[in-house]
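Report on the structure
In case you want the letters, here they are:
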Amino acid sequence: MPYLWLLTLFLIPFVIVFKIALSDAALAIPPYMPTMKDGLSAMLSQLDFENFVFLTEDDLYWKAYLSSLKIAFISTVLTLLLGYPIAYAMARAPHEWRATLMMLIILPFWTSFLIRVYAWVGILSTEGLLNRFLFWIGAISEPLMILNTSTAVYIGIVYTYIPFMILPIYAALERLDASLIEAAEDLGCSRVKAFWLITIPLSKGGIIAGCFLVFIPALGEFVIPSLLGGSGTLMIGKVLFEEFFSNRDWPVASAVAVILLIILIIPIILFQRNEQRQQEAEG
Amino acid sequence: MVETVFEPWSDPNADPLISFKNVTKFFGDFVAIDDLTLDIFEREFFALLGPSGCGKTTMMRMLAGFENPTSGSMSLSGHDIAGIPPNKRAVNMMFQSYALFPHLSVWENIAFGLRRDGVAKDVLHTRVEEMLKLTRLEKFGRRKPHQISGGQRQRVALARSLAKAPKLLLLDEPLGALDKKLRQETQFELMDIQEQTGTTFVIVTHDQEEAMTVASRVAVMDEGRIIQVATPEKIYEGPNSVYVADFIGDVNILTGPVKAVGADTYLLDFDGMEPMTAASDRTFAEGATAHLAIRPEKIGIHVERPEGPNSVQGKVLDIAYLGNLSTYHVQLPNGQIIKAQTANTRRVSRRAFTWEDPVWVSWSATAGVLLDR
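Residues numbered from 1 in each chain as written. Chains lettered and ligands numbered in written order. Predicted model: local features only at pLDDT ≥ 70, side-chain atom pairs only at ≥ 80, totals over all residues.

With that settled, the discussion passes to the overall build of chain B. Check the secondary structure of chain B and you find 8 helices and 20 strands. Along the longest, intermediate and shortest principal axes, the C-alpha atoms of chain B span 75 × 50 × 50 Å. For chain B, the share of sequence-separated contacts (at least 6 apart) that also reach a separation of at least 24 residues comes to 64%. (Helix = DSSP H or I, 4+ residues; strand = E, 2+ residues; numbered from the N terminus. Contact = placed C-beta atoms within 7 Å.)

Structure follows, in structure tokens:
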């Protein structure tokens, strides 16, 4: 049964995208050839890896991939650094508060993601709320240029994906038996040492899950870099969008998507394996 | 050969290992420990016994350093320990949940405390192996806690808390999670280990049988106060209050006014029945209300009226056959039920009485304890 789902929701679309990646662009509807109308054997014989070769020739693409990897990696680290203390505080909060805190973490999802990212434009622009506030308290005399820089992209990604970091870490920390920390202290650990030796290792599963849940979507992110990053930020999601809608070169866009998928499959497999090991350890 | 009995508590010159002086602990408005003074001596196996919420766990957590007294002083080998954090005390604790580190092997769990002290590698290795041997866990060193049984986990917890050779080992309901048979075996194991290592043990338990079995002295607590501290035998045979008599084992309580007849002997007037004779060290004023506490096994049950004092007639209401013992519930004319116990020393014997039979229950003047509260 789960394989049926995989087949219809993942494998068939992938085969279609892969087939388009092997086709050539054409002024037609759909904008590529050959299609099934040419007959199956004729179609198969005309497919080639031209588009993938093209991706290696133009340095725009591998720069975009590298830049995406870098941005996704740095934002994952930032999200972890910011999310862990929040998750920790939530897990340590009195019982009756926890449901409310959890609610507050999930609350932003009730508003459209697009609207929330647009709101950041209003906050970060040169005449935006942040600059006006800093101006008002006298911290700056010149407006800060944040919008349309990579800083804005980081802010956007961290803001958007932090719940995905907090929730698995919180789940791991909440399960943590407080007497383990007391036992560690009793056996000679300072508070800080007990945190490093007990809390961190025992929340490792949550940390890894959170990192993947942030890293994977951040890598292919399109909305945030295009709304907050301006033209200066190169990310593969944006390149993909432009190939599809501005260039209308579906085959090249599909090739970009296939490569992106292959890059993503590596962390996804690692993630799966981590989950499995986690389950075995708890078994 | 004269063997010296181990009872440092009756030696006025002995220095206590732990000394509580007027310790009080509040949680908000709640008094967890109420003006408590207590000495515990080296090599003792000391049991804190009481119902849940009596303050026994709070006392243990204060010894471990997880709580600090609101007022009063606490000392360990003569040094005040209030305010010293748990990681700086020569005290280790075995947690009720065992609190074994799930990500570390049994070996690493036991080595954990030694590693924190920066013990040299070979010393550490020897010590861990020694602990594994002491708790018969040699084969399980490389397993993770979830790969061993409950009884083995209990022993790992014990080995881990003993590894640093603490001056004082605290055991919080150490056998609570084990089934009855294993619990009884482990009680003796604990006593052996305590004797072998010479460590002072303080055990918290709500199981009176467990406390009586393992401890050299038992403190019965209620509502943040210690009601009585004594050896298991004294606690059982000479309780100082109805609360202690009732908490430890089974007891019959007869209440009524007393009057003195001769030295240390009183007559208790119980509901218009023939007055009961009871010997007592305590003195009671004429007509004061007293409670006579008698253990069921000290009450005889007969068909004919026996010779001697304290015989009451009643009828058998219930018989509980426990295998080694039989307990008879005998209802007196005024409705009070007296429990009498007989040992079933013969395998095949006819029971002399059955339900609804009129019987006589009797006890000697020294069988019971006369209590004022």
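From N to C terminus, chain A includes 14 helices and 2 strands. When its C-alpha atoms are laid out on the principal axes, chain A stretches across 75 × 60 × 35 Å. Every one of the 283 residues in chain A was classed for burial, and the buried ones make up 31%. Counting contacts in chain A only where the partners sit at least 6 residues apart, residues at least 24 apart contribute 71% of the total. (Buried ≥ 20, exposed ≤ 12 C-beta atoms within 10 Å, placed from the backbone.)

To continue, consider the sheet that holds strand β2 (residues 30-40) of chain B. Residue and element names in this part refer to chain B. Strand order in this open sheet of 4 strands is β2-β1-β4-β5, and the pairing throughout is antiparallel. One side of each edge strand has no neighbouring strand; the edge strands of this open sheet are β2 and β5 (79-80). Pairing of strand β1 (residues 18-27) with β2, which is carried by 7 bridges, proceeds in the antiparallel orientation. By the bridge assignment, phenylalanine 26 is partnered in β2 with valine 31. (Pairing = 2+ DSSP bridges.)

Accessible area lost on assembly of the parts is the figure often given for the size of an interface. At the interface, 16 residues of chain B touch 14 residues of chain A. Of all the elements in the fold, those that place two or more residues in the side of chain B that touches chain A are β6 (91-94) and α2 (106-116) of chain B. At 3 residues, the largest contribution of residues to the side of chain B that touches chain A is made by α2(B). Residues belonging to the side of chain B that touches chain A are distributed by class as follows: 9 nonpolar, 5 polar and 2 charged. (Nonpolar A, V, L, I, M, F, W, Y, C, P; charged D, E, K, R; others polar.)

Next up on the list: unusual backbone geometry. Note the cis peptide between Ile29(A) and Pro30(A), where omega equals -10°. With respect to the helices and strands, Pro30(A) occurs in the loop between β1 (24-25) and β2 (32-33). Residue Pro34(A) is reached from Met33(A) by a cis peptide bond, and omega for that bond is -5°. Locating Pro34(A) in the fold gives a position in the loop between β2 and α2 (40-46). Of note in this structure, Ala99(B) is not a glycine but carries a positive phi near 50°. With respect to the helices, strands and loops of the structure, Ala99(B) is situated in the loop between β6 and α2. Residue Ala99(B) is classed as buried on the basis of its 26 C-beta neighbours within 10 Å. Notably, Arg136(B) is not glycine yet its phi reads approximately 55°, a positive angle. Summarising the element assignment, Arg136(B) is placed in the loop between α3 (121-134) and α4 (150-162).

Now for the domain arrangement of chain A. All names here are of chain A. Splitting chain A by domain gives domain 1 (15-48) and domain 2 (58-282). For domain 1 versus domain 2, the separation of C-alpha centres amounts to 38 Å. The partner domain 2 presents 8 residues to the 10 residues of domain 1 that form the contact. Elements represented by at least two residues in the side of domain 1 that touches domain 2 include exactly α1 (2-21) and β1. In terms of residue count, the dominant contributor to the side of domain 1 that touches domain 2 is α1 (4 residues). (Domains from an automatic or database assignment.)

Moving on: the domain arrangement of chain B. Residue and element names in this part refer to chain B. Under the domain assignment, chain B is made up of domain 1 (8-243) and domain 2 (250-371). Taking the mean C-alpha position of each, domain 1 and domain 2 sit 39 Å from one another. Facing the 4 residues of domain 1 at the interface are 5 residues of domain 2. Residues that form the side of domain 1 that touches domain 2 fall into these classes: 2 nonpolar, 2 polar and no charged.

Looking now at the nonpolar core. In terms of nonpolar packing, the biggest core is built from 105 residues, with Ala47(B), Leu63(B), Ile110(B), Leu170(B) and Val202(B) touching the most fellow members. Counting residues per element, this core draws most heavily on α2(B), which supplies 6 residues. Non-local contacts of Leu63(B), meaning those with residues more than four positions away in its chain, are made with Ile18(B), Val91(B), Leu168(B), Leu170(B) and Val202(B). Grouped together as the second largest cluster of nonpolar side chains are 51 residues, Ala152(A), Ala209(A), Phe212(A) and Val214(A) included. (Core = buried A, V, L, I, M, F, W, Y, C linked by C-beta atoms within 7 Å.)

All names here are of chain B. With mixed pairing, 6 strands are arranged side by side in an open sheet as β6-β7-β8-β3-β9-β10. Strands at the two margins of the open sheet, each flanked by one partner only, are β6 and β10 (225-230). Neighbouring strand axes in the sheet, compared pairwise and without regard to direction, differ in orientation by 20° on average. Sheet topology note: the strand β3 (residues 45-49)/strand β9 (residues 217-222) ladder contains 4 bridges and is parallel. Counterpart to leucine 48 in the pairing with β9 is alanine 219. Of the strands in this sheet, β3, β6, β7 (168-172), β8 (200-205) and β9 touch helix α1 (residues 56-64), which is tilted by about 145° from β7. α4 rests against β6 and β7 of the sheet, and its axis sits at about 175° to β6. (Axes fitted to C-alpha atoms, helices over the stretch in contact; angles between N-to-C directions.)

Residue and element names in this part refer to chain B. Bridge count for strand β11 (residues 252-260) against strand β14 (residues 289-294) is 6 bridges, and the pairing is antiparallel. Looking across to β14, one finds that leucine 254 is bridged to leucine 292. As paired elements, β11 and strand β12 (residues 265-268) share 3 bridges and run antiparallel to each other. Paired with alanine 260 across the two strands is tyrosine 266, which belongs to β12. Hairpin connection between β11 and β12: a loop of 4 residues separates the two successive antiparallel strands, and glycine 262 in this loop has a positive phi of roughly 75°.

On to the packing of helix α4 (residues 59-92) of chain A against helix α11 (residues 204-219) of chain A. All names here are of chain A. It is the contact of α4 with α11, at a shortest axis distance of 9 Å, that shows an interaxial angle of 145°. Judged by the twist between their axes, the crossing of α4 over α11 is right-handed. Listed contacts from α11 to Ser68, Leu69, Ala72, Ser75, Thr76, Thr79, Leu80 and Gly83 of α4 are Ile207, Gly210, Cys211, Val214, Phe215, Ala218 and Leu219. Its residues assigned to classes, the contact of α4 with α11 shows 9 nonpolar, 6 polar and no charged. (Left-handed = near helix turned anticlockwise from the far one by under 90°.)

Before going further, it helps to spend a moment on the confidence of the model for chain B. The predicted model of chain B has a mean per-residue pLDDT of 90, with 99% of residues at 70 or higher. Note on the complex model: pTM 0.82, ipTM 0.83. (pLDDT = per-residue confidence, 0-100.)

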